[in-house]
Amino acid sequence: MTALAAQFERHKTLLIALLPWVFVLLWSTGFIGARYGLPYSEPYTFLSWRMAGNLLVFLLLMRLFGVSLPRRFALWKQQLITGTLVHTAYLGGVFSAIELGMPAGLAALLVGLQPLVTAGVMAMVYRSAPSLKQWFGLTLGILGVALVLSNGQADFLQKGDISGLQLLWILLALVGITLGTLYQKTYCEQQPLLAATFIQYLSGLAVMLPLALLTENTQVQWHPEFIGALVWSVLVLSVGAILLLMLMIQMGEATRTASYFYLVPPVTALQAWLLFDEQLTGVALAGMAVTVLGVYWVNKK
């Protein structure tokens, strides 16, 4: 046991350094999953099934690892607020915008403004402004994201197909994920990640299910693509990516953690190129390099 512990300590720094990159790879698949799942159900119905699956998986994990739910109401309240912002507002906004016709890549670009919004909120509200080096990296990041998606979305933008309702949903998603990560970092007390995330998904289901029942027909076409998207969303995104995000928020400052969201649109574009044969130009590749450089500058010690 001592030898194993020593070996873990030797590789601990490397594992911590790899966490954000694994998170980006997993999180970026959420936009691809929405593209696969939404043709077969409406957004709140899909998300209700996803939240129910999340609760079942996390309940099993809690029993497996002997984790109990907190008894203090304050701990419940903290995670219910976080879940409403990170899961309900963010996921509901993104899925609703895509359901209304906004391309997944454009949705990823607009939500990719989160690091700049996070930095602004930190500067104005918490008096914790990023350094000049971090501002430079944040600016590089959004420039790179814009380059990655500019060619693919140019025709869509020129046609004026973006509606005000689509933008409102994306704004809700952007505000939700920004405030949710800041609230989690600033106000939430430490508690087991499994229990905290279970409560967050409970708040998500409490909102998504009534919305689905009141505004949608709740019908699902159990197509293999829908089943695959649902299983992937539950097991990979909700277990893997969300736990990594919560862990990163606990470990690092808000601006550094948020900067990794810049990498999501480029990775999403790369996945769309591999899976759907979407065009990936030299400009997009240059944008990916600029984005990586921006994230490097934000996180450079």
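Residues numbered from 1 in each chain as written. Predicted model: local features only at pLDDT ≥ 70, side-chain atom pairs only at ≥ 80, totals over all residues. Heavy atoms only, no water.

1. Here we look at the overall build of the protein chain
Helix and strand counts for the protein chain come out as 12 helices and 0 strands. In sequence order, the protein chain lays out its α and β elements as α-α-α-α-α-α-α-α-α-α-α-α. For the protein chain, the proportion of its 301 residues judged to be buried stands at 50%. Taking the intrachain contacts of the protein chain between residues at least 6 apart in sequence as the baseline, contacts between residues at least 24 apart amount to 91%. Total accessible area on the protein chain is roughly 14400 Å²; 69% of this is exposed by carbon and sulfur atoms. (Helix = DSSP H or I, 4+ residues; strand = E, 2+ residues; numbered from the N terminus. Buried < 20%, exposed > 50% of the residue type's maximum accessible area, 1.4 Å probe, protein only. Contact = heavy atoms within 4.5 Å. Areas by Shrake-Rupley, 256 points an atom, 1.4 Å probe, with all protein chains shown as cover.)

2. Remarks on the packing of helix 2 (residues 43-65) against helix 3 (residues 73-99)
One way to put it is that helix 2 packs onto helix 3 with a least axis distance of 9 Å and a crossing angle of 140°. By the criterion of interaxial angle, the relationship of helix 2 to helix 3 is oblique. The handedness of the crossing between helix 2 and helix 3 comes out as right-handed. Where helix 2 abuts helix 3, its residues P43, Y44, F46, L47, R50 and M51 lie against H87, L91, G92, F95, S96 and E99. Across the contact of helix 2 with helix 3, the residue classes break down as 7 nonpolar, 3 polar and 2 charged. (Axes fitted to C-alpha atoms, helices over the stretch in contact; angles between N-to-C directions. Parallel < 35°, antiparallel > 145°, perpendicular 65-115°, else oblique. Left-handed = near helix turned anticlockwise from the far one by under 90°. Nonpolar A, V, L, I, M, F, W, Y, C, P; charged D, E, K, R; others polar.)

3. Some points on the pattern of salt bridges
Two side chains with opposite charge may pair up if their charged atoms get near one another. Applying the stated criterion to the full structure yields 1 salt bridge. Between E189 and R72 there is a salt bridge; the shortest N-O distance is 3.0 Å. Here E189 is found in the loop between helix 7 (164-187) and helix 8 (193-215), whereas its partner R72 is found in the loop between helix 2 and helix 3, with 117 residues between them in sequence. Assessed through its relative accessible area of 33%, E189 is described here as partly exposed. For R72, a relative accessible area of 44% translates into the label partly exposed. (Salt bridge = Lys/Arg side-chain N within 4 Å of Asp/Glu carboxyl O.)

4. Some points on the packing of aromatic side chains
Taken as a whole and assessed by the stated rule, the structure comprises 7 aromatic pairs. Judged by centre distance (5.5 Å) and plane angle (85°), the ring pair of F46 and F226 falls under edge-to-face. Of this pair, F46 sits in helix 2 while F226 sits in helix 9 (residues 224-251), and the two are 180 residues apart along the sequence. For F226, a relative accessible area of 0% translates into the label buried. Taking 5.1 Å as the distance between ring centres and 90° as the angle between the ring planes, the aromatic pair formed by W49 and W222 counts as edge-to-face. Of the two residues, W49 sits in helix 2 while W222 sits in the loop between helix 8 and helix 9, which places them 173 residues apart along the sequence. For W49, a relative accessible area of 42% puts it in the partly exposed group. Aromatic ring contacts, followed pair by pair, group F46, W49, F95, W222 and F226 into a single cluster. (Phe/Tyr/Trp six-rings, centres within 6.5 Å; stacked < 30°, edge-to-face > 60°.)

5. Overview of the side chain of S203
With respect to the helices and strands, S203 occurs in helix 8. The class for S203 is buried, based on a relative accessible area of 6%. Only 2.6 Å separates the side chain of S203 from the backbone oxygen of Q200, close enough to count as a polar contact. With near-sequence residues (within four places) excluded, S203 lies in contact with L80, G83, T84 and T88. (Polar contact = N/O pair within 3.5 Å; in protein donor to acceptor, adjacent residues only side chain to side chain.)

6. Concerning the nonpolar core
F23, W27, F31 and Y90 are the most contacted members of the largest nonpolar core, which totals 59 residues. Secondary-structure elements contributing two or more residues to this core are helix 1 (2-37), helix 2, helix 3, helix 4 (104-111), helix 7, helix 8 and helix 9. Here this core gets 15 residues from one element, more than from any other, and that element is helix 9. (Core = buried A, V, L, I, M, F, W, Y, C linked by side-chain atoms within 4.5 Å.)

7. Notes on the confidence of the model for the protein chain
With 76% of its residues at a pLDDT of at least 70, the protein chain reaches an overall mean of 78. Element-level pLDDT for the protein chain is lowest in helix 10 (residues 254-259), with a mean of 62, against a maximum mean of 93 in helix 2. Long-range and interchain partners of residues 154-158, a stretch whose pLDDT sits below 50, account for 8 contacts in this model, where long-range means more than four residues apart. (pLDDT = per-residue confidence, 0-100.)

8. Comments concerning the environment of L113
Inspection of the secondary structure assignment puts L113 in the loop between helix 4 and helix 5 (114-124). The spacing of L113 and G141 is 28 residues in sequence and 9.3 Å in space, taken between C-alpha atoms. Discounting chain neighbours no more than four positions away, the residues touching L113 are I142 and L174.

9. Considering unusual backbone geometry
Non-glycine residue T218 carries a positive phi angle of around 60°. Tracing the backbone through its elements, the reader meets T218 in the loop between helix 8 and helix 9.

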